[in-house]
Amino acid sequence: MTREPLRQDELEFFEGARGRLEAIAYRLLGSAAEAEDAAQETFLRWEAADRDGIRVPEAWLTRVLTNLCLTQLRSARVRREVYVGQWLPEPVLEGDPMLGPAETAEQRDSVSTAMLVLMERLTPHERAVYVLREAFAFPHAEIAGMLGITEASCQQTLHRAKQHLATARARTDVDPATAREVVEEFLAAATSGRTEPLIRLLTGDVMGVGDGGGKFPVRPKPFFGAAVVAQFLRGVFRPADARRPLVGARAVVGGSPDIYAWTANGDPALVFTVGDRIVGILTLGATTEGIAAVFTQANPDKLGRAGRRWAASDHGEPLLSRW
């Protein structure tokens, strides 16, 4: 049976929903590129569907997208077992519609780097229920219908997901001005040549994680503790060029980077650029107790969307030039 081509209003309806669909998919997958692909595949299924028979188009699109993401999550678990080094989510910069709604603390928390890392602990169904309920406020009955489970099972799944995520610290909400202040203070401490100023900014059990995807030199395993993380950062930002661990890394990215203050996933971030190209994003997990995590994303395969947004933005002057 040949489907009728999309009418203009049907095309416009989908394009109006695309941003929300990408925001859901990003929280489910932790990958901006895969979220874009999932939304586009949903569009193709919308185009091929008997649209006159779809009573609630928004719910239909969300169900199709969610199930595509569930399939993707199951295969992602296998891929991440052979991923080179530590896996971190793809960073999304301030103002990107993929960040989705940010009216509530739950919505803001659900897109933070720390929460996306924690959500890797969840089963695909737990993650879907948590995202749809906590970040997008879908009713349990509607989520249950999307996933083919009972409403009671949906509620139990959400309870289990929250238990798995209970170790998350209370985040500090930041606007761009506050983020810049946090980054400036962090950078001043990191370039002081001493560990004490950094230790004062970090929580005692702070975690450092880097993702180079086998294409950029980072520490191969997470490292913990204020003294250990401060010592590492002091070495990275040490003033003497000849002693910097990242001197070789500069050759990989093609030059000495500039460093800007920005926000990524709602957290303060340092954006490293060479020319107009982002070569790394260091995100600070700012909590009410201090910086609880330092996430470094340097895998070039995970900087594409951020790079496109950066190139189109007015990012002002760097905090450090030709670092």
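Residues numbered from 1 in each chain as written. Predicted model: local features only at pLDDT ≥ 70, side-chain atom pairs only at ≥ 80, totals over all residues. Heavy atoms only, no water.

- The protein chain is annotated in an unreviewed UniProt entry as RNA polymerase sigma-70 factor (ECF subfamily) of Myceligenerans xiligouense.
- Taken verbatim from the UniProt record of the protein chain, the Subunit (unreviewed entry) comment is "Interacts transiently with the RNA polymerase catalytic core formed by RpoA, RpoB, RpoC and RpoZ (2 alpha, 1 beta, 1 beta' and 1 omega subunit) to form the RNA polymerase holoenzyme that can initiate transcription."
- Regarding the protein chain, the relevant UniProt record gives this comment under Sequence similarities (unreviewed entry): "Belongs to the sigma-70 factor family. ECF subfamily." (UniProt positions renumbered as here; feature names shortened; annotations may be inferred.)

Examining the domain arrangement of the protein chain
- Splitting the protein chain by domain gives domain 1 (8–165) and domain 2 (176–312).
- Placing a centre on the C-alpha atoms of domain 1 and another on those of domain 2 gives a separation of 28 Å.
- Taken residue by residue, the interface counts 27 residues in domain 1 and 30 residues in domain 2.
- In total, domain 1 and domain 2 occlude about 2,300 Å² of area from one another, counting both sides; carbon and sulfur atoms represent 52% of this.
- Our enumeration of links across domain 1 and domain 2 arrives at four salt bridges.
- Across the salt bridge formed by Arg 305 and Asp 96, the nearest N and O atoms sit 2.8 Å from each other.
- Summed over the shared surface of domain 1 and domain 2, the result is 17 residue pairs in polar contact (both at pLDDT 80 or more).
- Where the side of domain 1 that touches domain 2 is concerned, the elements lending two or more residues are α1 (8–29), α2 (32–48) and α5 (113–118).
- Among the elements that take part in the side of domain 1 that touches domain 2, α5 stands out by supplying four residues, more than any other.
- Its residues assigned to classes, the side of domain 1 that touches domain 2 shows 17 nonpolar, five polar and five charged. (Domains from an automatic or database assignment. Contact = heavy atoms within 4.5 Å. Buried area = accessible area lost by both parts, 1.4 Å probe. Salt bridge = Lys/Arg side-chain N within 4 Å of Asp/Glu carboxyl O. Polar contact = N/O pair within 3.5 Å; in protein donor to acceptor, adjacent residues only side chain to side chain. Helix = DSSP H or I, 4+ residues; strand = E, 2+ residues; numbered from the N terminus. Nonpolar A, V, L, I, M, F, W, Y, C, P; charged D, E, K, R; others polar.)

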